[in-house]
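# Remarks on the overall topology
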Amino acid sequence: MMQGFDTDPFAHTREMFHLPQQVIYLDGNSLGPLPRNAPSAISRVARDEWGEMLITGWNKASWMAQPGEVGDRVGRLIGAQPGHVMMGDTLSIKVYQALAAALDLCPDRKVILSDTGNFPTDLYMAEGLLRSMGQGHELRLVAPEDVEGAITDEVAVLMLTEVDYRTARRHDMATLTAKAHANGALTIWDLAHSAGAIPVDLADCGADFAVGCTYKYLNGGPGAPAFIYVAPQHVGATSPALSGWLGHEAPFAFERSYRPGTGIERMRVGTPPVLAMAALEAALDIWDDVDMIQLDRARVRLSDMFIDGLEAACPALTLASPRKAYARGSHVSFQFEQAYAAMQACIAQGVIGDFRAPDNMRFGITPLYLNDGDVEDAVEIIARVVNQRLWDAPEYQIRAKVT
Ligand SMILES: *Cc1c(COP(=O)(O)O)cnc(C)c1O
């Protein structure tokens, strides 16, 4: 059933974002747009808290409690039990932290299983950790479709990104977690392209660890703090490799040696980013009223409409994402030989997506602030760029640092 503008259940959330004129933003999978309430929230914290309270803000404005409180608000969106999500640092750091903790719980096994589609930083961080551990661990990579068959009793940790950043291919978290557990392995799920994109139920799936960022679908702003989840049965036994003072049981006792803090508190490292957290809290004010099941329905409808429209209008593009909506995350990728130049031309025409090497044009479909009209207009513009070779201009070939 097509839904018109008037019945769009997300018409009110769209109003909560600043979206530049003449732009259709299909890159919320990389950096979410600005929530309208964020600038005033940031300046209020700067002026009234930092400005007036100075150092006393840590207590008076509860800056110190924020990473755990915000963690619970993110936790609701990913099916985490309250008190089991902590904010801080960047996702790369959280991957390192989760993997170190998981390996510490499986000292007799040496294999970390992941897939070749995983985001490079997750694999780089694993390589760096394994090198510094120096205990002969192996990072074993298989094709995404071969993961299930590669889960054996050699595996210590299954470390996967649920939704592939290139293709949007989605792993079956419940099935793979169950198979890992049946083989005595632990799981780490990277939710970078899941949190705020699709319904996630960490508790129900029995995930052991999860990590993710908040600047993509959650709209927390560039460089917004990352999150880490540790399942209730593990958190007390988790021994943090990044044993920073704020994860200490008593940071202000300034003891000579580290003692892990209670529960998820131990996954803190250092001083939290208070101003960045203010922006994220403003974004979460929007999310607090969002039903992820309803959002998912809108995602399926809009992304199917996008795929059908673009395939019909633009035969030169090849769908790189799974055709079935349940097998995808919330972005859609198409392969095209001149993908980079074509995306530059789309951006010049007001449709912002991004390019992922070698030949993917990637489009985030985010019902929180996109509607049917945007999708129809985007299809028309992208088809024009491709069909009329608008990409074939020298200025669109020049590669910028960030693609
Ligand atoms: C976006 C993304 C990252 C980014 O890591 P940062 O430390 O925040 O730069 C890491 N992993 C995955 C899977 C991602 O999609």
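The preceding data block contains the structure.
In short, a report on the structure. (Residues numbered from 1 in each chain as written. Predicted model: local features only at pLDDT ≥ 70, side-chain atom pairs only at ≥ 80, totals over all residues. Heavy atoms only, no water.)

### Focus: the sheet that holds strand β9 (residues 209–212)
Our working definition: Two strands form a pair only when DSSP identifies at least two bridges running between them. By the criteria applied, helices consist of DSSP H or I runs no shorter than four residues and strands consist of E runs no shorter than two, each listed in order from the N terminus. For helices, the fitted axis covers only the stretch in contact; all axes are lines through C-alpha atoms, and the angles between them, taken along N-to-C directions, range from 0 to 180 degrees.
One open sheet holds the seven strands; their spatial order is β4-β10-β9-β8-β7-β5-β6, and the pairing between them is mixed. Of all strands in the sheet, those bounded by a partner on one side alone are β4 (85–87) and β6 (138–142). Within the sheet, the average angular offset between the axes of one strand and its neighbour, ignoring direction, is 20°. For β9 and strand β10 (residues 227–230), the ladder comprises four bridges, and the chain directions are antiparallel.

### Regarding the pattern of salt bridges
Put simply, the rule is: Definition used for salt bridges: Asp or Glu carboxyl oxygen within 4 Å of a side-chain nitrogen of Lys or Arg. Remark: exposure states derive from per-residue accessible area (1.4 Å probe, protein chains only) relative to the maximum for the residue type, with buried under 20%, exposed over 50%, and partly exposed in between.
Taken as a whole, this structure holds 19 salt bridges when the rule is applied. Of the charged contacts, one joins Asp-372 and Arg-301 as a salt bridge, the two residues approaching to 3.1 Å between their closest N and O atoms. Separated by 71 residues along the polypeptide, Asp-372 in helix α14 (residues 372–387) and Arg-301 in helix α12 (residues 292–313) bring together distant segments of the chain. Take Asp-372: its relative accessible area is 13%, and that puts it in the buried class. For Asp-354, the salt bridge is made with Arg-356, and the minimal N-O distance between the two is 3.9 Å. What you see here is one network of salt bridges that share partners, running through Arg-73, Glu-281, Asp-285 and Asp-288.

### Looking at the site of the ligand
Threshold: Distances are taken per atom, and a residue is near a molecule or strand as soon as one of its heavy atoms is within 4 Å of it. Whenever a nitrogen or oxygen atom comes within 3.5 Å of another N or O atom, the pair is scored as a polar contact, on the condition that within protein one atom can donate a hydrogen and the other can accept it, and that pairs from neighbouring residues in sequence are kept only if both atoms are in side chains. The protein chains shown are the only cover counted for residues, whose accessible areas, like all others here, come from Shrake-Rupley with a 1.4 Å probe.
Taken together, the residues surrounding the ligand are Thr-90, Leu-91, Ser-92, Phe-119, Thr-121, Asp-122, Thr-161, Asp-190, Ala-192, His-193, Tyr-215 and Lys-216. Interatomic distance of 2.7 Å between a side-chain N/O atom of Asp-122 and a nitrogen atom of the ligand. Between Tyr-215 and the ligand, the recorded distance is 2.6 Å, taken from a side-chain N or O atom to an oxygen atom. When the free accessible area of the ligand is taken as 390 Å², the share hidden by the protein chains comes to 85%. Those elements that place two or more of their residues in the shell around the ligand are α5 (91–105) and α6 (120–133).

### Here we look at the environment of Ala-339
Going by this rule: Should any heavy atoms of two residues lie within 4.5 Å, those residues are considered in contact.
Turning to its location among the elements, Ala-339 is positioned in helix α13 (residues 339–348). Assessed through its relative accessible area of 1%, Ala-339 is described here as buried. Residues Ala-339 and Met-64, spaced 275 residues apart in sequence, show a C-alpha to C-alpha distance of 45 Å. Beyond its immediate stretch of four places on either side in the chain, Ala-339 contacts Phe-355, Asp-359, Asn-360 and Met-361.

### Details of a nonpolar patch on the surface
What counts is decided by this rule: For patch building, the residue pool is restricted to those with more than 30% relative accessible area and no salt bridge; the joining distance is 9 Å between like charges and 5 Å between nonpolar side chains (Val, Leu, Ile, Met, Phe, Trp, Tyr).
On the surface, Ile-42, Trp-50, Leu-54, Ile-55 and Leu-275 cluster together into a nonpolar patch covering about 520 Å² of accessible area. Summarising the element assignment, Leu-275 is placed in helix α11 (residues 274–287). Accessibility expressed as a relative area gives 34% for Leu-275, which makes it partly exposed.

### With respect to the packing of aromatic side chains
The criterion, for reference: Under the pairing criterion, centres of Phe, Tyr and Trp rings, with the six-membered ring standing for Trp, must be within 6.5 Å; the plane angle then separates stacked pairs below 30 degrees from edge-to-face pairs above 60, leaving the rest tilted.
Following the criterion strictly, the structure yields ten aromatic pairs and no others. An angle of 85° between the planes, with centres 5.2 Å apart, marks the rings of Tyr-340 and Phe-355 as edge-to-face. Remark: Phe-355 occurs in strand β14 (residues 354–356) and Tyr-340 occurs in helix α13; sequence separation between them is 15 residues. Here the two residues Tyr-340 and Phe-355 agree in accessibility, since each one is buried.

### A few points about unusual backbone geometry
A cis amide bond links Ala-357 to the next residue, Pro-358, at an omega of 5°. Of note, Pro-358 is situated in the loop between β14 and β15 (360–364). Located in the positive-phi region is Gln-22, a residue other than glycine, with phi close to 65°. Counting through the fold element by element, Gln-22 comes out in the loop between β1 (17–18) and β2 (24–25). Classification of Gln-22 by relative accessible area gives exposed; the value is 71%.

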